[in-house]
Protein chains: 2
Amino acid sequence: MKKLIIASTSTVHGSSYLAYILPQLEEFFKDTKEVLFIPYARPGGISHDAYTEIARKGFTAIGKSVSGIHTFDDPAEALRNAKAVFTGGGNTFLLVTQLYKNGIMEVLRDAVLGGVLYFGTSAGANITGLTMQTTNDMPIIYPPSFKTLGLVPFNINPHYLDPSEGSKHMGETRETRIREFHRINTQPVVGLREGSWLEVTGDTITLRGDLTARIFEQDKDPYEIGTNSNLRIS
Amino acid sequence: MKKLIIASTSTVHGSSYLAYILPQLEEFFKDTKEVLFIPYARPGGISHDAYTEIARKGFTAIGKSVSGIHTFDDPAEALRNAKAVFTGGGNTFLLVTQLYKNGIMEVLRDAVLGGVLYFGTSAGANITGLTMQTTNDMPIIYPPSFKTLGLVPFNINPHYLDPSEGSKHMGETRETRIREFHRINTQPVVGLREGSWLEVTGDTITLRGDLTARIFEQDKDPYEIGTNSNLRIS
């Protein structure tokens, strides 16, 4: 049975890396000592090693050891042998390109469908959706496809941001961008605010954290769902 | 000789469509009565007709007539017959996809190199650069390539936004995104704030408007250039 934690962000303002979600991670990963880390999204362009070190430090607090997938000769085999995977945030275009380049997009999907625990933040959350097309990131590299893992029946918009009142900036709001998306795409979009995450257990998807989430469906007004409620969109 | 106005935005806060730049447009387009409009970026997903109507209204104030390129059976021929082109903002992925789909990316480039006046705002500004990879837009459609017109020897980041002090949002700042871009791409990036534009006359590129612009070059600290100064990057 698939089990995922899909988190808007790794870090909330004023707190250290992963700190806000550690109690949940401790419970989620209780049956494994080792977590395989996918550092491909390289936030700020840092190296795979440096990024893995950050993830390692974050997981030390709950007594897990972390290995970077880039240290394995055969990343597909590493995934097949893993019990738990964490994909960190950064640039979604880079993450998706690297997953395809290494031939492991499908392998990762199969692993999670087969019961490997999956935790993703930001870009690592975005790729659990049907496509990466509601990312906020810059297209710094051209991926072979925008199709992603499809482990949930919708798209994710991480770091969802409400329109800022009184702003004089004329660039599109997040809501406008998602509306443009829905003029040519049909899949629903879940806007996950920072500090929110989705807990997926088989077909049950539950919103967690303190905030509501904003749901966008084609040809409908966007609406909010409350924390601890189940998502019934498909 | 190529002549372009590359503007960060069509509209500045508190002003009507194109109003802030009309005196310059009047001078720039003084030798033509007709402007061919490319509405492909469809802001907010509006129709090509509705978007052309907005552009038409904007240009009425300086006595120009505007035709939408979508109303011509052969858009390539429309471009070859044009004296002046305006490409409006919206979604850059959609704009670039449509230009490729209609086989006119190269035709548009050749037209401008041949002396057709070009005015672009936002997404229409972004495509004058080497690639569209420093757009802020959502990848709502998969374009055949990220390569764009290459009419200037760098990339454009329209609606350039300084980090907002005191923000609690953890999503990447614009500067971080461009730094990630430069970890794997070499071309310089010009961050154009709203209300700024580049005036291109042959090989001379001059910053106009009231604000400075922020220049990002690989392996260098970003720096500001003053208004009315020439860009000497390549």
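Refer to the preceding data block for the structure.
Let me begin by describing the structure that accompanies this report. (Residues numbered from 1 in each chain as written. Chains lettered and ligands numbered in written order. Predicted model: local features only at pLDDT ≥ 70, side-chain atom pairs only at ≥ 80, totals over all residues. Heavy atoms only, no water.)

## Some thoughts on the overall build of chain A
Along its length, chain A carries 7 helices and 11 strands. Relative to the compact-globule value of 17 Å for 234 residues, chain A shows a C-alpha radius of gyration of 17 Å, a close match. Projecting the C-alpha coordinates of chain A onto the three principal axes gives extents of approximately 45 × 35 × 35 Å. Long-range contacts, defined here as pairs at least 24 residues apart, represent 67% of the contacts in chain A between residues at least 6 apart. Total accessible area computed for chain A in this model is approximately 9,400 Å², and 48% of it derives from carbon and sulfur atoms. If you average the places of the 23 positive and of the 25 negative side-chain charges in chain A, the two averages end up 0 Å apart. (Helix = DSSP H or I, 4+ residues; strand = E, 2+ residues; numbered from the N terminus. Rg over C-alpha atoms; globule rule 2.2 N^0.38 Å. Contact = heavy atoms within 4.5 Å. Areas by Shrake-Rupley, 256 points an atom, 1.4 Å probe, with all protein chains shown as cover. Lys, Arg positive; Asp, Glu negative; His and termini not counted. Charge placed at Lys NZ, Arg CZ, Asp CG, Glu CD.)

## Let's talk about the relation of the copies chain A and chain B
Laying chain A over chain B is done by rotating through 180° and shifting 0.0 Å along the axis; what remains is an RMSD of 0.0 Å. In short, the pair behaves as if placed about a two-fold rotation axis. Both copies contact each other with a shared surface, as 100% of the interface residues of chain A are interface residues in chain B too. (Least-squares fit on C-alpha atoms with pLDDT ≥ 70 in both.)

## Details of the sheet that holds strand β7 (residues 189-191) of chain A
All names here are of chain A. Strand order in the open sheet formed by 4 strands is β6-β7-β10-β11, and the pairing between neighbours is mixed. The sheet is open, and its two edges are formed by β6 (155-157) and β11 (223-225), each paired on a single side. Sheet twist, expressed as the average angle between the axes of neighbouring strands with direction ignored, equals 30°. Two strands pair when backbone bridges link them, and strand β10 (residues 213-216) and β11 are joined in this way by 3 bridges, in the antiparallel orientation. Looking across to β11, one finds that Ala213 is bridged to Ile225. Its contacts with the sheet place helix α7 (residues 174-184) against β6, β7 and β10, and it is angled at close to 30° to β10. (Pairing = 2+ DSSP bridges. Axes fitted to C-alpha atoms, helices over the stretch in contact; angles between N-to-C directions.)

## A word on the sheet that holds strand β4 (residues 84-87) of chain B
Residues and elements named next belong to chain B. One open sheet holds the 7 strands; their spatial order is β3-β2-β4-β5-β1-β8-β9, and the pairing between them is mixed. Sheet topology places β3 (65-68) and β9 (204-208) at the edges, where each strand pairs with a single neighbour. If you compare each strand with its neighbour and ignore which way they point, the axes differ by 20° on average.

## Overview of the packing of aromatic side chains
Residues and elements named next belong to chain B. Summed over the entire model, instances satisfying the criterion amount to 27 aromatic pairs over all chains. Both rings, one in Phe59 and one in Phe119, keep their centres 6.5 Å apart while their planes meet at 75°; by these two values the pair is edge-to-face. A residue pair is termed long-range when its members are at least 10 positions apart, and Phe59 in helix α2 (residues 48-60) and Phe119 in strand β5 (residues 117-121) qualify at 60 residues. Classification of Phe119 as buried rests on a relative accessible area of 0%. (Phe/Tyr/Trp six-rings, centres within 6.5 Å; stacked < 30°, edge-to-face > 60°. Buried < 20%, exposed > 50% of the residue type's maximum accessible area, 1.4 Å probe, protein only.)

## Examining the pattern of salt bridges
Residues and elements named next belong to chain A. For the structure on display, the rule yields 20 salt bridges over all chains. Between Arg193 and Asp162 there is a salt bridge; the shortest N-O distance is 2.9 Å. Of the two residues, Arg193 is situated in the loop between β7 and β8 (197-201) and Asp162 in the loop between β6 and α7; the sequence distance between them amounts to 31 residues. Linked through salt bridges whose partners overlap, the residues forming this network are Asp162, Glu175, Arg193, Arg214 and Glu224. (Salt bridge = Lys/Arg side-chain N within 4 Å of Asp/Glu carboxyl O.)

## Digging into the interface of chain A and chain B
Facing 47 residues of chain A, the contacting portion of chain B comprises 47 residues. Of the roughly 3,900 Å² buried where chain A meets chain B, counting both sides, 59% is carbon and sulfur surface. Between B:Arg177 and A:Asp137 there is a salt bridge, and its shortest N-O distance comes to 3.4 Å. Linking chain A to chain B there are 18 residue pairs in polar contact (both at pLDDT 80 or more). Counting only elements with at least two residues in the side of chain A that touches chain B, the list comes to α4 (92-101) and α7 of chain A. (Buried area = accessible area lost by both parts, 1.4 Å probe. Polar contact = N/O pair within 3.5 Å; in protein donor to acceptor, adjacent residues only side chain to side chain.)

## Brief notes about helix α2 (residues 48-60) of chain A
All names here are of chain A. Counted at 1.5 Å a residue, the expected span for α2 with its 13 residues is 18 Å, and the 18 Å between its end C-alpha atoms agrees. Every buried residue of α2 is listed here: Tyr51, Thr52, Ala55, Gly58 and Phe59. In an axial view of α2, the angular spread of the buried residues amounts to 115°, which keeps them on one side of the axis. Residues of α2 that are exposed and point over 90 degrees away from its buried face: Asp49, Lys57 and Thr60. Taken together, the buried residues of α2 touch α1 (22-28), β2 (34-38), β3 (65-68), β4 (84-87) and β5 (117-121). (Expected span 1.5 Å × (residues − 1). Arc of directions from axis to C-beta.)

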